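The chain contents come next:
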Amino acid sequence: MAASVSCHYFSSPLTTSSKPIKHKPSLSYTPFTPSQNKGPIRHFAPLCSSQRSRSSEIQEKEKDWFLSLKKCAVSVALSVSLLSGVPGLELLSPAHASTPALPDVSVLISGPPIKDPGALLRYALPIDNKAIREVQKPLEDITESLKVAGVKALDSVERNTRQASRALKQGKTLIVSGLAKSKADHGVELLNKLEVGLDELQKIVEDKNRDAVVSKQKELLNYVGGVEEDMVDGFPYEVPEEYQNMPLLKGRATVDMKVKVKDNPNVEECVFRIVLDGYNAPVTAGNFIDLVERHFYDGMEIQRADGFVVQTGDPEGPAEGFIDPSTEKIRTVPLEIMVDGEKVPFYGETLEDLGLYKAQTRLPFNAFGTMAMAREEFENNSASSQVFWLLKESELTPSNANILDGRYAVFGYVTENEDFLADLKVGDVIDSIQVVSGLDNLVNPSYKIAG
């Protein structure tokens with residue numbers, strides 16, 4: 001396992017610098033008002049109806065109801081924005097975009113969302129092995145159990161641990177049978193470590209050592225995730241022919257992004273570990289890794305940091321993306337969205353364009369530090385080099401029911417030090433982004449071609 005990375009602190013009190021930082025124009029982040037001027041807030045009432053279609057209506061009317069529901073949700077969101085003063089529906093388009101627009105709600109899904117980036121990555125793997133999931137789930141549930149104060153939480157943790165141990169014992173044969181032949185030995189090794197680790201966790205609980213639970217839980221879930229990755233045998237599908245010659249990440253890769261933080265006496269620099277998911281976004285992730293290997297982002301400033309997202313990737317000069325030396329034109333990638341239940345991503349169309357209003361994206365905007373491509377609002381295939389990280393949920397972008405899923409291509413998550421993304425400001429500098437693992441999963445790397 002790769003060594004963990006950390007941020008470097010100083011003991012002085014947290015202060016906010018008033019020193020202006022020169023930077024290129026960043027993305028607009030405005031409420032929905034007719035102009036950019038900050039005048040008195042205009043109050044609008046929601047324009048929607050609570051009456052829903054009857055269960056006997058035909059499928060076409062059900063579709064119409066979802067369209068109405070979308071409009072209702074957007075109207076409510078707009079009203080919340082204008083009444084409360086929270087930022088409006090933000091546009092995640094390149095830094096010089098000048099025409100704000102109101103995007104529709106693309107996905108409305110009920111139920112509690114998964115917000116942990118590690119869990120999202122595990123469930124996004126292209127596998128179907130119920131036995132390993134039955135080990136995974138109770139280990140993840142430990143997080144919820146620990147919300148109870150004091151040692152009382154350990155009673156629930158013990159039940160979680162026993163459930164995971166029992167599932168591993170009963171399902172080990174099925175788990176082993178699900179391993180790819182080329183990875184079976186490694187998978188079995190991890191299963192043995194998992195079994196030992198569960199016994200160790202049980203001992204931690206018996207000793208009422210609550211403080212040791214979280215680190216052991218993380219260790220065990222890393223073993224589970226490793227076993228699940230060992231179940232993936234090769235790349236599961238063919239990328240569409242028109243994109244097959246582009247840099248493609250056929251699997252996963254991990255990168256470390258080192259950022260030098262300016263004007264903050266508490267944080268000097270921070271290293272963010274990011275897992276890129278090429279199983280669900282091979283074109284998007286491949287494009288990014290290729291740019292990383294070109295050192296495209298090294299020395300680049302953070303260009304937007306507004307409490308909603310952190311964004312970078314707009315190079316110096318008039319171009320808003322990466323200019324491919326072989327063509328002397330901006331290299332763009334298509335919008336790429338993988339949906340649960342599908343074997344291949346959708347390309348070039350939002351889920352709204354496709355009429356998939358109830359579809360759930362495989363890589364949702366659920367986690368703090370979700371990483372995605374910025375693009376022009378009305379050009380689905382205009383993404384190039386500008387990327388952003390989602391910082392938090394807002395009234396307008398709740399997890400699993402927001403305006404981002406299905407509209408922007410997610411291709412990874414920050415898995416370590418993600419909380420410190422909130423400390424970044426415009427003008428902070430990306431010292432470097434380096435590939436830690438998975439570079440061998442990149443095919444058609446253009447950085448190796450002399451340009």
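Residues numbered from 1 in each chain as written. Predicted model: local features only at pLDDT ≥ 70, side-chain atom pairs only at ≥ 80, totals over all residues. Heavy atoms only, no water.

- As recorded in an unreviewed UniProt entry, the chain goes by the name peptidylprolyl isomerase, listed as coming from Nicotiana sylvestris.

### A word on the packing of aromatic side chains
Argument step 1. Applying the stated rule across the entire model yields nine aromatic pairs.
Argument step 2. Between F235 and Y237, the aromatic rings sit 4.6 Å apart at their centres with planes inclined by 50 degrees, giving tilted as the arrangement. With respect to class, F235 is no different from Y237; both count as buried.
Argument step 3. Summarising the aromatic geometry, the rings of F296 and Y297 are spaced 5.0 Å apart at their centres and angled 85 degrees between planes, so their arrangement reads as edge-to-face. Side by side, F296 and Y297 carry an identical accessibility label, which is buried. (Phe/Tyr/Trp six-rings, centres within 6.5 Å; stacked < 30°, edge-to-face > 60°. Buried < 20%, exposed > 50% of the residue type's maximum accessible area, 1.4 Å probe, protein only.)

### Brief notes about the pairing of strand β3 (residues 252–260)
Argument step 1. In terms of burial, β3 is largely enclosed, as seven of its nine residues are buried.
Argument step 2. With nine bridges connecting them, β3 and strand β4 (residues 267–277) associate as antiparallel partners. Following the sheet pairing, T254 is matched in β4 by V275.
Argument step 3. The antiparallel hairpin formed by β3 and β4 contains six residues in its connecting segment, where D263 sits at a positive phi of about 55 degrees.
Argument step 4. Where β3 lies against strand β14 (residues 429–437), seven bridges are found, and the strand directions are antiparallel. The residue of β14 that forms the bridge with K260 is V429. (Helix = DSSP H or I, 4+ residues; strand = E, 2+ residues; numbered from the N terminus. Pairing = 2+ DSSP bridges.)

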